[in-house]
Protein chains: 2
Amino acid sequence: MSKRAISGFPELLPGERSTEAWVENRLQEVFEKHGFVGIQTRAVEPLSALEAKGETSKEVYLLERLQSAKSGQRAALRSDTLGLHFDLTVPLARYVLQNSNALLFPFKRYQIQKVWRGERPQEGRFREFTQADIDIVGQGDLGLHHEVEAAEVMLDAFQALNIGPVLMEINNRKLLQGIAKAANIDDFGATLRALDKFDKIGADGVRQELSSLGLSETQVNTALAAAEITAETGSELREKIAALALPAEPLAEGLDELSVVLDALYAFAPGQVRASLRIARGLDYYTGTVYETVIPGHEGFGSVCSGGRYDELVSDGRRTFPGVGLSIGVTRLVALLLSAGILQADRPSKTVVVVAVKDEATRSESVAVARVLRGRGIPTETSPSAQKFGKQIRFADRRGIPYVWFIGEDGSNSVKNIQTGEQETADPTSWSPQS
Amino acid sequence: MSKRAISGFPELLPGERSTEAWVENRLQEVFEKHGFVGIQTRAVEPLSALEAKGETSKEVYLLERLQSAKSGQRAALRSDTLGLHFDLTVPLARYVLQNSNALLFPFKRYQIQKVWRGERPQEGRFREFTQADIDIVGQGDLGLHHEVEAAEVMLDAFQALNIGPVLMEINNRKLLQGIAKAANIDDFGATLRALDKFDKIGADGVRQELSSLGLSETQVNTALAAAEITAETGSELREKIAALALPAEPLAEGLDELSVVLDALYAFAPGQVRASLRIARGLDYYTGTVYETVIPGHEGFGSVCSGGRYDELVSDGRRTFPGVGLSIGVTRLVALLLSAGILQADRPSKTVVVVAVKDEATRSESVAVARVLRGRGIPTETSPSAQKFGKQIRFADRRGIPYVWFIGEDGSNSVKNIQTGEQETADPTSWSPQS
């Protein structure tokens, strides 16, 4: 049997997986505390849905039944050919439309699930990873305050991870569009994509790219000056925008929205949120606030939590469900936090007590004690073998299990703290581990 | 956008999913209390691994990158072509071999994860579903008591689901093999497969099938008499086996093992475990105890928890890792329990309090109260709109949220219990919901 790792499909050892599960559980707790409900969607969508939106549709894994592959009659690609989802947003959009009569709006859902991208292996990217997404989806309309709420939930989520403060950078698509309009820049999409590379290619690179789009020097200067604006409060933002000396009217709606969202978040988490007009987000479907999040001191991680408001993504032509969502790439985040030493791998076992076994003939006595301890909520194992007690203690010690329980020849019970070496008589119906 | 369900890929509404998640969490708690560690394996294995073992290899979904499918240059099937795993046992075997130096043995792991089977849609079977597996894998050897332990864990797991007693039926492959040998039945495999159909085609059907295999009438009678044996204790089992009047020696090892396992489980859960010699299990790789589990009164559900001991499954030719494992088909179990009314769908929200909003201008006051309540562990939402209070109460009521919080014009706080209609003044820093 082949036993090799497959590039792009990461797997964790038990202690690391325990840490990842801890992260997932903290996120889930925060999401539920904010009234979000958890759903799971099927792993597959029809090709038509996977190709409908966004930039990643080219990285899809299609499914094919082994039997048809073997028969040599491979099915032609059709719009209903199944592929693995590459994000949790496309499935959400479909789930909302499919179940719109059964759901209550605004529908606030979280989803922690695996996604797949058919990247080339040599790129060293994850081809399978877990995302944790929250979205708030309205029916017909969705108040601006939900763009505040989505950020608040994710800031709470990071706080629950206890990894120090994060910096969430926000922008507003309407404001960017307004700036483009006020500066008479026609190809807003191309300008956006150029600005989106700011962190990668720097101001000079962006300047060159914008010039090659046919922007005048004034326009390039305006775009770059705008992209360098950051602000912590609405009034700071308004001042800096005013300094661009652009016509006010095209900017008004986006500026108002970004100011309101910024001030609401400033009140909640000063120093953890700022407007940054270079945040553009690649995806076409965003229409309002867009978000990226970095861990200060670890900017090299890139954004660990991104998303935005989308007005038109969820629609069946007749009805429209505007939404706002944010997403954490859990697999990547945990890998980064572990490798940076910000999180540690757990010990490989959650067991607190190993009940030693004198000999196989009396194993049932040890099993009975383990059962009593477990019934009281204490994770307990019975020793897998009746080796010498020293070896049984070593079994516990290697796993980081803190206590070993002994049943004496006379039936008396005692428990040994491996770390301190102390051993004391104990009653399985009342003993508790020191925390 | 297409919004149809896809046959075989079930999805749940939020309240149902909440119930399913509750089941998964109860199972996980029990597994961890028994010292099992959770792992996740990648969704894919190379075709060579998927085809190596067992009967389901024909139902595999293979992956193909969209770009290569589109290019018309579809890749030929190779041993390293990736396919989705159809169970969690093949991945475990590979994971153990791959990480044998980093794991501690016996390695007790649980795994709650999705699996996929490329069934034909018209068969109405699940093509994507969640399994909850436990396995205990030793290095070189694995004591018989772990065959008891695996059953004990799953019996505890079902107890934690609070769905009433289950009946676990066990058998032992060595005993079956011993009976075949003692009765001079050569084609043990075919005999097993015939016996495995006992529940489907009845004694007469099995008799016919065994005859067609060339068994004499005496042999058929022996096989059928054996298949009808059930016993709650080792001594009962020994008596009934003795009545078959077969040579004792070929049966001895299997009979000893099954008796020991049976007696140990009888002491733990009398009435919930019995030996049933018709339990054969389809898979080739079982070598010791095999398990099936039914819910009395709902035998039509079929087995809800099955597995067995396997000595040779995990091997790289040089080293062998014997194991024992049991598996629950969570998706199927939850669907059955919901449809039978044994479990109910949760309310669609875990929120306990909705903080009403007087008007959008004072939303921040409501947000602040919600934050205080949430900080005290109380799941709280702020009302999505500043509609009339009656409508805000209705928002909570439709979601089954029990409390609505009001901030008066004078800043005073009060909370209304929607069910009783009672409203009382309350302090967000100290108020708690009645449980």
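Calculation rules
- Residues numbered from 1 in each chain as written.
- Chains lettered and ligands numbered in written order.
- Predicted model: local features only at pLDDT ≥ 70, side-chain atom pairs only at ≥ 80, totals over all residues.
- Heavy atoms only, no water.
- Helix = DSSP H or I, 4+ residues; strand = E, 2+ residues; numbered from the N terminus.
- Buried < 20%, exposed > 50% of the residue type's maximum accessible area, 1.4 Å probe, protein only.
- Contact = heavy atoms within 4.5 Å.
- Areas by Shrake-Rupley, 256 points an atom, 1.4 Å probe, with all protein chains shown as cover.
- Buried area = accessible area lost by both parts, 1.4 Å probe.
- Salt bridge = Lys/Arg side-chain N within 4 Å of Asp/Glu carboxyl O.
- Polar contact = N/O pair within 3.5 Å; in protein donor to acceptor, adjacent residues only side chain to side chain.
- Nonpolar A, V, L, I, M, F, W, Y, C, P; charged D, E, K, R; others polar.
- Least-squares fit on C-alpha atoms with pLDDT ≥ 70 in both.
- Axes fitted to C-alpha atoms, helices over the stretch in contact; angles between N-to-C directions.
- Parallel < 35°, antiparallel > 145°, perpendicular 65-115°, else oblique.
- Left-handed = near helix turned anticlockwise from the far one by under 90°.
- Pairing = 2+ DSSP bridges.
- Patch = residues over 30% accessible without salt bridge, like charges linked within 9 Å, V, L, I, M, F, W, Y side chains within 5 Å.
- Lys, Arg positive; Asp, Glu negative; His and termini not counted.
- Charge placed at Lys NZ, Arg CZ, Asp CG, Glu CD.
- pLDDT = per-residue confidence, 0-100.
- Phe/Tyr/Trp six-rings, centres within 6.5 Å; stacked < 30°, edge-to-face > 60°.

For chain A, the helix and strand inventory stands at 14 helices and 17 strands. Dimensions of chain A, computed from the C-alpha atoms along their principal axes, are close to 90 × 60 × 45 Å. A buried classification covers 57% of the 435 residues belonging to chain A. Contacts in chain A between residues at least 24 apart in sequence constitute 68% of all its contacts with a sequence separation of at least 6. Taken as a whole, chain A presents about 17800 Å² of accessible surface, with 47% of it coming from carbon and sulfur.

As a further point, take the interface of chain A and chain B. The interface is formed by 89 residues belonging to chain A together with 90 residues belonging to chain B. Together chain A and chain B conceal approximately 8200 Å² of surface at their shared face, both sides included; 57% is due to carbon and sulfur atoms. Counting across the chain A and chain B interface gives 10 salt bridges. We note a salt bridge from E32 of chain A to K350 of chain B, for which the minimum N-O separation is 3.9 Å. The interface formed by chain A and chain B holds 33 residue pairs in polar contact (both at pLDDT 80 or more) in total. Across the side of chain A that touches chain B, the residue classes tally to 40 nonpolar, 19 polar and 30 charged.

The operation relating the pair of chain copies consists of a rotation about an axis and a translation along that axis. Take chain A, turn it by 180 degrees, move it 0.0 Å along the axis, and it overlays chain B with an RMSD of 0.0 Å. The operation mapping one copy onto its partner corresponds to a two-fold rotation axis. In terms of proximity to the rotation axis, the leading residue of chain A is L63 of chain A, whose C-alpha is 2.5 Å off the axis. Both copies share a contact surface, since 100% of the interface residues of chain A are interface residues in chain B too.

The next thing to look at is the packing of helix α13 (residues 363-375) of chain A against helix α5 (residues 145-161) of chain B. At a minimum axis distance of 13 Å, the contact between α13 of chain A and α5 of chain B shows a crossing angle of 25 degrees. Here α13 of chain A lies roughly parallel to α5 of chain B, going by the angle between them. Classified by chirality, the crossing of α5 of chain B by α13 of chain A is right-handed. When α13 of chain A is examined against α5 of chain B, the residues R363, V367, R371 and R374 of chain A are found in contact with a partner set consisting of H145, E152 and D156 of chain B. Of the residues belonging to the contact of α13 of chain A with α5 of chain B, the class tally is 1 nonpolar, 1 polar and 5 charged.

What follows deals with unusual backbone geometry. With omega at -5 degrees, the peptide bond leading from F105 of chain A into P106 of chain A counts as cis. One non-glycine residue, N184 of chain B, lies in positive phi territory at about 60 degrees. Counting through the fold element by element, N184 of chain B comes out in the loop between α6 (173-182) and α7 (188-196).

Residue and element names in this part refer to chain B. The strand order across the open sheet formed by 5 strands is β14-β13-β15-β16-β17, and the pairing between neighbours is mixed. Looking at the sheet topology across the chains shown, the edges are occupied by β14 (380-382) and β17 (423-425). Adjacent strand axes in the sheet meet at a mean angle of 25 degrees when their direction is disregarded. Here 3 bridges tie strand β16 (residues 413-417) to β17, and the two strands are oriented antiparallel to one another.

Side chains of K388, K391, R394 and R398 of chain A sit close together on the surface and give a patch of like positive charge. When you line up the elements, R394 of chain A lands in helix α14 (residues 389-398).

Attention shifts here to the confidence of the model for chain A. When pLDDT is averaged across chain A, the result is 92; 96% of the residues are at 70 or more. Both scores are available for the predicted complex, with the pTM at 0.95 and the ipTM at 0.94.

Residues and elements named next belong to chain B. Mapping S315 onto the fold places it in strand β11 (residues 306-315). A sequence separation of 150 residues divides S315 from P165, and the C-alpha atoms of the two residues are 37 Å apart. Every residue in contact with S315, bar those within four places of it in the chain, is listed here: L97 and T320. Looking at S315, its side chain comes within polar contact range of the main-chain nitrogen of G317, at 3.0 Å. Of note is the side chain of S315, whose polar atom sits 3.1 Å from the backbone oxygen of R319.

A few words now on the pairing of strand β5 (residues 107-116) of chain B. Regular strands place side chains that alternate from one sheet face to the opposite one. Residues and elements named next belong to chain B. Summarising burial for β5: 10 of the 10 residues are buried, a large majority. Covered by surrounding structure in β5 are F107, R109, Q111, Q113 and V115 together with K108, Y110, I112, K114 and W116, the residues of both alternating faces. Strand direction decides the pairing type here: strand β1 (residues 37-38) and β5, joined by 2 bridges, are parallel. Bridged to G38 within β5 is Y110. Note: β5 against strand β6 (residues 128-137), 10 bridges, orientation antiparallel.

Looking now at helix α12 (residues 330-339) of chain B. An α-helix turns once every 3.6 residues. As a result, residues three or four positions apart point the same way. Residue and element names in this part refer to chain B. With respect to burial, α12 is a largely interior element, 7 of its 10 residues being buried. For α12, the full list of buried residues reads V330, T331, L333, V334, L336, L337 and L338. Considering only its buried residues, α12 is in contact with α1 (14-33), β6, α5 and β12 (320-329).

We now examine the pairing of strand β12 (residues 320-329) of chain A. Residue and element names in this part refer to chain A. Counting buried residues in β12 gives 8 out of 10 residues, a clear majority hidden from the surface. Alignment of strand β11 (residues 305-315) against β12, held across 8 bridges, turns out to be antiparallel. When the sheet's bridge partners are listed, Y310 is paired in β12 with G323. Counting the residues between successive antiparallel strands, the hairpin from β11 to β12 contains 4 residues, one of them, G317, with a positive phi of roughly 95 degrees.

Following the criterion strictly, the structure yields 19 aromatic pairs over all chains and no others. With centroids separated by 5.5 Å and ring planes inclined at 80 degrees, the aromatic side chains of W405 of chain B and W431 of chain B adopt a geometry described as edge-to-face. Of this pair, W405 of chain B sits in strand β15 (residues 403-407) while W431 of chain B sits in the segment after β17, placing them 26 residues apart in sequence. Classification of W405 of chain B as buried rests on a relative accessible area of 0%. With a relative accessible area of 8%, W431 of chain B lands in the buried category. Joined through ring pairs, the aromatic side chains of Y285, Y286 and Y310 of chain A make up one cluster.

Within the structure shown, the criterion is met by 52 salt bridges over all chains. With a shortest N-O distance of 3.5 Å, E152 of chain A and R374 of chain B are connected by a salt bridge. Here R374 of chain B lies in helix α13 (residues 363-375) and E152 of chain A lies in helix α5 (residues 145-161), a pairing that spans two chains. Pair check on accessibility: E152 of chain A and R374 of chain B agree, each one buried. Here K197 of chain B ties to E209 of chain B by a salt bridge, and the two come within 2.7 Å at their closest N and O atoms. Of this pair, K197 of chain B sits in the loop between α7 and α8 (198-212) while E209 of chain B sits in helix α8, placing them 12 residues apart in sequence. Residue K197 of chain B is classed as partly exposed on the basis of its relative accessible area of 32%. The class for E209 of chain B is partly exposed, based on a relative accessible area of 25%. Residues joined by salt bridges that share partners form a network here, namely E11 of chain A together with R42, E45 and R94 of chain B.

What follows is about the side chain of S276 of chain A. Relative to the elements of secondary structure, S276 of chain A occurs in strand β9 (residues 273-276). Not counting residues within four places of it along the chain, the set of residues in contact with S276 of chain A comprises E169, I170, N171, I229 and T230 of chain A.

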